Structure formats: C-alpha cells, structure tokens
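Breakdown of the fold
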Amino acid sequence: GTGIWAKYRPGIEVWDGPFESRLEPTLEKPFGGQMGNFDIPITGDNRTFSAKFTGKVKAPYDDTYTFWISHDDGCTVRVNGQLIYSLTGWKWVGEGQFRPSDPVQLYADQWVDLEITVVNYNGPTHLQVRWSNSSDTSPQTIPTANLSPVVY
C-alpha cells in the first residue's frame, strides 16, 4: 500500500464538479491552523470544503475491526460499501477524542473498499481514522502499507 486517494472541493457536501486531488499517505490529518491556513490543495475560501478519501484497506489478521474516528465537522465511513459510521452536520469530535464505528469483519491480506467523506463548515478542522480489533482494542494508526489508492 502507498496511502489513500483524496479529492478536495470547495463548498459543503459538494461531491461533483472541479476538485483538487492528491495521494495521502495516512488518515491522520491534523488540518489545523486558523482560517485559511489548512493543509489542503484548494484555493479561495478553504475554510469551507468537502473531501472524499477513497481506496482500499487491508487487515493484517482475520478479525472484527472497529474504526475510530475523530473529526470536525461531518464525517462518514464506508467499508465495502457498508456505512459503518455517520455523524453529519455541524458536528465536532475533538482531536485525539474518538468515536467508534460499527464493527466490521475483515480478512487477512484482502483489500476491501474504503470511503471516507469529510465536510468542514468553517474554521480549523481535522480528521483522524484509526482501527482496533477484538484482541487489541486500543485504536491504532492504520499503517500506510495497509492503505491503497483507487485510481479514477
């Protein structure tokens, strides 16, 4: 794996039309900063934007996995098309504080689809997506080697 593909668009829940894209090596995105000081590749009013991360994720072991998400503002997570996490609207989960997804069964060395959407309404933002399994319940960073981009 080499990371996950990200599309960034100005505006709220804008999923079609012009976008800027890049390969992200991790799902640890402390966008941070003050207004207009985000590490995202869009110009103009980049305080209000939508992002979609798409690719594949591969588990190291056969097990039930929980994804742990910290974000500002709305966020959804889908694995193999199944919605396992959704907190939309002007919501906030503090950086370093995590909400769990629904558990999902993954199998060792099998790539499965992963899609994460993020909407930022204004100001500083962040996204952190980690995972745990039934034998190790503490959220861990998903290694770059376990993420693969989908080419559009």
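Refer to the structure presented above.
Residues numbered from 1 in each chain as written. Predicted model: local features only at pLDDT ≥ 70, side-chain atom pairs only at ≥ 80, totals over all residues. Heavy atoms only, no water.

1. Points about the pairing of strand S12 (residues 136-141)
Where strand S11 (residues 126-133) meets S12, 3 bridges bridge the pair, whose relative direction is antiparallel. Bridge assignment links Asn 133 to a residue of S12, and that residue is Asp 136. Counting the residues that bridge the hairpin from S11 to S12 gives 2 residues. (Pairing = 2+ DSSP bridges. Helix = DSSP H or I, 4+ residues; strand = E, 2+ residues; numbered from the N terminus.)

2. A short note on unusual backbone geometry
Looking along the chain, the bond that leaves Asp 72 and enters Asp 73 is cis, with omega of 10°. Within the secondary structure, Asp 73 sits in the loop between strand S5 (63-72) and strand S6 (74-79). At Asn 80, a residue that is not glycine, the phi angle is positive and equals roughly 50°. Tracing the chain through its elements places Asn 80 in the loop between S6 and strand S7 (82-87). Classification of Asn 80 as exposed rests on a relative accessible area of 51%. Phi at Asp 109 takes a positive value of approximately 60°, unusual for a residue other than glycine. (Buried < 20%, exposed > 50% of the residue type's maximum accessible area, 1.4 Å probe, protein only.)

3. Details of the packing of aromatic side chains
Using the criterion set out here, one finds 4 aromatic pairs in the structure. Aromatic side chains Tyr 65 and Trp 131 sit 5.2 Å apart centroid to centroid with 40° between the ring planes, which places their arrangement in the tilted category. Taken as a pair, Tyr 65 in strand S5 and Trp 131 in strand S11 lie far apart in primary sequence, 66 residues in all. Note on accessibility: Tyr 65 and Trp 131 belong to one class, buried. Lying across the ring of Phe 19, Lys 7 places its NZ or CZ 4.3 Å from the centre. (Phe/Tyr/Trp six-rings, centres within 6.5 Å; stacked < 30°, edge-to-face > 60°. Lys NZ or Arg CZ within 6 Å of the ring centre and 35° of its normal.)

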